[in-house]
Amino acid sequence: MRGADSGDRLDRRFEKRISRLDLEQKIRLLSGGSVFRTAAEPAAGMRAIVTSDGPIGVRGERWDERDTALALPSATAMAATWDTELVERLGRILSDEARRKGVRQLLAPTLNLHRSPVGGRHFECYSEDPLLTGRIGAAYIRGVQSGGVAATAKHYVANDSETERLSLDARVDERALREVYLAPFEAAVGAGVWAVMSAYNSVNGTTMSESPLLAEPLKGEWGFDGLVVSDWGALRSTVPAALAAQDLAMPGPNPHWGAPLAAAVREGVVPEALIDEKLRRLFQLAERVGALDDIGLDDLWTNGTAAPQAATMGEARALLRHAVARSSVLVRNEEDLLPLDPASLRSVAVIGPNAATARIQGGGSASVFPESTVTPLAGIRAALEDVARVEYAAGVHVSVRPTPLTPDRATDPVTGEPGVRVRYLDADGVEVHSERRLSGRILEPSVNFSSLGAQFVEVSARLVPEVGGEWKVGVVGLGEVSLRAGDRVLVDETVVPESDDPTYLHVTPSYRQVPLNVVAGAPVELAARRRITPDTGLAVALTADPPRRDDDDELAAAVALAKASDAAVVVVGTTDEIESEGFDRASLALPGRQDELVAAVAAVNPRTVVVVNAGGPVLLPWLDDVPAALLTWFPGQEAGDGIADLLFGAAEPGGRLPTTWGAAAEDVPILDTRPVKGVLDYAEGLHIGYRAWLRPRGADQARPEPMFWFGHGLGYTTWQYEAVSAPRAVEHGQGFAVEVTVRNGGHRAGREVVQVYLSRSESSIDRPARWLAGFAAVEAQPGESVTALVEIPARALQHWSVSAGSWSTEPGEFTLLAGRSAGDLPLSAAVAVN
């Protein structure tokens, strides 16, 4: 069995491969092959390793809406399950998807923390707590790698916000680094992760692709035997990066390695032995994922290193639907309004822009193209079919960016089929390639346009307006762009890039939008064109938006519908325009007039349920005025059916908050993510998330209460915490087990997440007021008492000693606290450390 070979034998086999290569071949392997492939090298018997963005799906190498992928709930949703077994199963689904697409390395999970709730990419990260992040991330890694696909722990390290993310210098003290920000990566290494991605940012003055942190603690103290790959474009030097423990530069071919690195080796500046060590790690990864000539995925399955999962599509979708329910957090349920009894309903108003357009994922490189998506409106209608009348009103508008054409609104002007026509043209405007696509948004060519001599890309469509009046049509793209309606030129200008951030350039570039008067049912020929240049990305889009009802009229129509209905479900939230890679959020408030909408609906319908569809925390100023509120994150493609299961009682909301939610922006202890002269000071040290909320502020030592504490979440039953049992004393360096007995005091079976925290009132070192030490879930029937066994690792009692450069345990008494959240801990016990 290859997986059982000793390290010496592995080295000998890799040495033979290395010996076949000259210096240029060696460095070419380490410099990347293309955007999402490593270089192949027949002389070493190595095939290209195909990578793909994650973490909620496997998009594959192409940004192509025809190449669909399953879309799982967001990382925040996964963490909200507090269910490592479920997350591991979701990881297996991703492994299936990766193999289906020929992908051998998934660029996930994201293990950065929710340092500030305005972080634009928090939907892609798990939690504000290092222990919860580490445990959920480890489960994800085990699931993905169980099928012979590499997981990639990213972004190492302190890449916790988006503002100036390519260049900021995070100043983090040593204890905070070790105890908070590095801890999830240490857990990933403990789970056996095969790859780690170094981040764009610097930490304490050194960019991460050159950082000593790649050597220690990652490869040294922790014993990481996998590959360190750069974030895409994050490797910016030749010698410093080569001398660091950075192994692979992506995408390729990377200009800083290649010929410059070969020259540095020949000049003796970079030892060739370092190049060989990087190659050993690359070959190790290739062996693990079946990319060597004498081993493939079939061999991995045969020898037991990996096992094919092969869940059916029906099984996968059922699991994703279950994950919606398990991750959704019920934060308010006055007079047990939820679950709604379908038999008591004759009419239900479904209101809100996010009800009819499912917002299932955030923006940026992690986005995927699901084959189908169940909207909340569709899910509710399906659940109440032949039971109650379901009517819809948008109430407000929240989208800012223009809407790309879709097959339900446009046809290919060449074939007449639903969709658009994409043409690639040479310098003289002569067509060199043409194809039908399903979306007016084309992020990259499906062909090698440069080999065809293409210099322009054009998206055209025949729009058949369903309503007349003033539409807004547009073109998305950078550089030379134009937009035509028939023979009329509507836009013809050069759009100058506003940023060099990859997400802006390649995913959400600037747009131009103009009014166009049309007649209902009368076809309009539209065409958007842009010149392809290296420094302006490849994205282009043809967009069209119909006339909108006046905002006041839209809101009034929704309120009237709610007033005439037995119950109202208001779905509010953010979008991938608001929460995205590449920028942090400007505000925690819901965009547009959504707060006004909720308040107005609740005022006329006492059975109002608010579903909050957002990847991270938002403000809920109307909370006290609504009887029920449910947080569903970005819930993935099965969103609507999963939400309907919760609303009508087929499932219980199983989620608990992975992040503390504030009632007002001014209450949030860490809000600003803007670097000052390039430096982002993590001055709070250990105190982020609930730890920061528990820390006294100001001269009067007062602190505001959050709206919801980390760990909070209700279900459809109630729980009484009856007893806690823990050892009275433990030895230095040892973990221990805690038993917490809880009783289901309601009339329905349920699941409870039992959380255990530690605190220490007297200490010689700075400590948080309390910190999560362990958790476990239990299930019980009505009236039943059950005991949760919570394992507390030795690390929970330890702190990083800067003077000793090692982990240390302070002797004395710790207080153990058990309960339902960081702010609701009714049980306690003392534990002494000898």
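For the structure, check the block above.
Residues numbered from 1 in each chain as written. Predicted model: local features only at pLDDT ≥ 70, side-chain atom pairs only at ≥ 80, totals over all residues. Heavy atoms only, no water.

Draft legend 1. Summary view of the side chain of Thr809. Within the secondary structure, Thr809 is located in strand S34 (residues 806–809). Thr809 has contacts with His732, Gly733, Leu797, Gln798, His799 and Val833, leaving out every residue within four places of it along the chain. (Helix = DSSP H or I, 4+ residues; strand = E, 2+ residues; numbered from the N terminus. Contact = heavy atoms within 4.5 Å.)

Draft legend 2. Structural context of the sheet that holds strand S4 (residues 169–171). Taken in spatial order, the four strands make up an open sheet running S7-S6-S4-S26, and their pairing is mixed. The two strands at the open ends of the sheet, each matched to only one other strand, are strand S7 (206–207) and strand S26 (679–681). Bridge count for S4 against strand S6 (residues 202–203) is two bridges, and the pairing is parallel. Bridge pairing links Ala170 to Val203 in S6. (Pairing = 2+ DSSP bridges.)

Draft legend 3. Expanded view of unusual backbone geometry. Looking along the chain, the bond that leaves Glu216 and enters Pro217 is cis, with omega of 15°. Its location among the elements puts Pro217 in helix H8 (residues 215–219). The omega angle of the peptide bond from Leu338 to Pro339 is 0°, so this bond is cis rather than trans. Within the element layout of this structure, Pro339 appears in the loop between strand S9 (329–333) and strand S10 (347–351). Phi at Glu335 is positive, roughly 55°, even though this residue is not glycine. With respect to the helices and strands, the residue Glu335 is situated in the loop between S9 and S10.

Draft legend 4. Fine view of the pattern of salt bridges. Summed over all chains, the structure comprises 62 salt bridges. One salt bridge connects Arg37 with Glu61, and the closest N-O pair in it is separated by 2.7 Å. Linking Arg37 in the loop between helix H2 (23–30) and strand S1 (51–53) with Glu61 in the loop between S1 and helix H3 (75–80), this pair joins segments that are 24 residues apart in sequence. In this structure Glu61 comes out as partly exposed when scored by relative accessible area, which is 28%. (Salt bridge = Lys/Arg side-chain N within 4 Å of Asp/Glu carboxyl O. Buried < 20%, exposed > 50% of the residue type's maximum accessible area, 1.4 Å probe, protein only.)

Draft legend 5. Layout of helix H19 (residues 639–647). The buried fraction of H19 is high, at nine of nine residues. Along H19, the positions that sit buried rather than exposed are Ala639, Gly640, Asp641, Gly642, Ile643, Ala644, Asp645, Leu646 and Leu647. In the segment just after H19, Gly649 is the residue with positive phi, at about 90°.

Draft legend 6. Layout of helix H18 (residues 594–604). Every buried residue of H18 is listed here: Gln594, Asp595, Leu597, Val598, Val601 and Ala602. Along H18, the residues classed as buried sweep out an arc of 160° about the axis, all on the same side. Contact partners of the buried residues in H18: S10, helix H14 (353–356), helix H17 (551–563), strand S23 (567–573) and strand S24 (608–613). (Arc of directions from axis to C-beta.)

Draft legend 7. Summary view of the nonpolar core. Counting 115 residues, the largest nonpolar core has Tyr156, Val157 and Tyr181 as the members making the most contacts within it. Here this core takes seven residues from strand S31 (residues 771–780), the largest share from any one element. Counting 47 residues, the second largest nonpolar core, distinct from the first, contains Met250, Leu282, Leu292 and Val507. (Core = buried A, V, L, I, M, F, W, Y, C linked by side-chain atoms within 4.5 Å.)

Draft legend 8. Geometry of the sheet that holds strand S25 (residues 628–631). Across the sheet, which stays open at both edges, the six strands sit in the order S9-S25-S24-S23-S10-S11 with mixed pairing between neighbours. Strands with a single pairing partner mark the edges of an open sheet, and in this sheet they are S9 and strand S11 (389–393). Within this sheet the neighbouring strands show an average axis-to-axis angle of 15°, counted without direction. Along the sheet, H18 contacts S10, S23 and S24; its crossing angle with S23, the most-contacted strand, is approximately 170°. (Axes fitted to C-alpha atoms, helices over the stretch in contact; angles between N-to-C directions.)

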